[in-house]
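Letter by letter, the chains look like this.
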Amino acid sequence: MRFRFLILATILSTACLCAEADAQSFRVGTASAAPGEKSSGTLEVRAGVDAATSIPVVVVNGAKPGKILALLSGAHGTEYVSIIAIEKLIAALDPAEVTGIVILVPLINIQSFEQKVPHVNPVDNKSMNRFYPGKPDGTQTERASYLITKEIVDRCDYLIDYHGGDLDESLRPYAYWGPTGREEQDQISKQMVLAFGLDHIIIWRERPSDPAATRYLDNTASVRGRPSIVVEAGHAGTVDSDDVALLVNGTLSTMRGPQNAPGDAHPVENPVWIEKLVDVLADGPGIWYPLVKRGNYVSAGMKLGTITDYVGKVIAEPRAPVSAVVLHVNAVPSLKKGDNIADLGVPAAKGP
Ligand SMILES: [Zn+2]
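Residues numbered from 1 in each chain as written. Predicted model: local features only at pLDDT ≥ 70, side-chain atom pairs only at ≥ 80, totals over all residues. Heavy atoms only, no water.

A. Spotlight on the confidence of the model for the chain. Per-chain confidence: the chain averages 92 in pLDDT, with 93% of residues scoring 70 or above. This stretch, residues 1–22, has a pLDDT under 50; its non-local contacts, to residues over four places away or in other chains, come to 23 contacts. (pLDDT = per-residue confidence, 0-100. Contact = heavy atoms within 4.5 Å.)

Dropping the structure here:
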């Protein structure tokens, strides 16, 4: 509740100052929308040491002035549910009903999507969520990250980054909340993550705090004083309507917190807070036969599955090093050295 009053007071106090600007359009890349309008365009990443790319962007400029919310998806272009959820929101958001401005970027990593390459941008083989705040003279991923930082992160008030299980990840839905130590900002981002409604929330501490090396999109926003969260749903190339609905409805609920949309937020009441992540990595190539599914709870020492060589000889039986929930497990038989077999989340004894 405290959050809602805080934001309302901020909107009221800035309303008169904004009156002149309200009459003007809001532009991101080539998308420009006057109050009450929705416009689409592109963020043009110019050619440099490698090819140019055009990242689609939509601006929904609400009829009433208010905060600027940025929603970005598809840094990993085969995490399809997150991309489809933003497509649904582009269609659903009516500028007549929106307060403030919503910037939507449904697909950052177009080459990953088109070529069906998981995890990285195939143009430079870099993850498009590891090189923020980016560089104007770097490779395509770095130039795109730089443009997103300047055009969107630096101009928004709140940010949500959307992910999910990639082509090779069987993932149960969860969110990340990354406290910064700045009490007021952390309370707002906590209200955002609760309002979003995903019932498992990872507390992500110990992230880079140097603004020149923030790595992740949401961390780039957080370090710059913008409350931000990460949400994940979907798995292994599937687009289940239940997963899409989690992200669409969660976004609409979160938008009601900063009053970007009418109605009340419906925060999750009793989430499982995760205080520690443990990755189980493959120590060599082989064929993966899982014994656990996404969302299972495992005890320390439990066998997670079997790895054989290419003629059926068992070469490893990875076990859970901790008692935890399986946040995601490798979804396909292929394994090479260093691959993530499973990502285990250790529940916190109590919430923050
Ligand atoms: Zn991702």
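B. Just the coordination of the zinc ion, in detail. For the zinc ion, the protein coordination sphere consists of His76 (ND1), Glu79 (OE), Glu79 (OE) and His163 (ND1), at 2.0 to 2.4 Å. Taken together, the four donor atoms coordinating the zinc ion and their angles of 57 to 153 degrees define a geometry best described as irregular. Between the donor residues of the zinc ion, the gaps in sequence give the motif H-x2-E-x83-H. Both residues of the pair, His76 and Glu79, belong to the buried class. (Donors = N, O, S within 2.8 Å, 3.2 Å for Na, K, Ca; no water. Tetrahedral: all angles 85-135°; square planar, octahedral: opposite > 155°, others 65-115°. Buried < 20%, exposed > 50% of the residue type's maximum accessible area, 1.4 Å probe, protein only.)

C. Region of the structure containing the nonpolar core. One finds Leu71, Leu104, Tyr162 and Val231 to be the most contacted residues of the largest nonpolar core, which totals 38 residues. Formed by 27 residues, the second largest nonpolar core is a distinct cluster that contains Phe26, Ala33, Ala144 and Leu217. (Core = buried A, V, L, I, M, F, W, Y, C linked by side-chain atoms within 4.5 Å.)

D. Looking closely at the side chain of Ser222. The topology assignment puts Ser222 in helix H6 (residues 217–223). Those residues in contact with Ser222 that lie beyond four places of it in its chain are Thr180, Arg182, Gln185, Arg207 and Ser228. (Helix = DSSP H or I, 4+ residues; strand = E, 2+ residues; numbered from the N terminus.)

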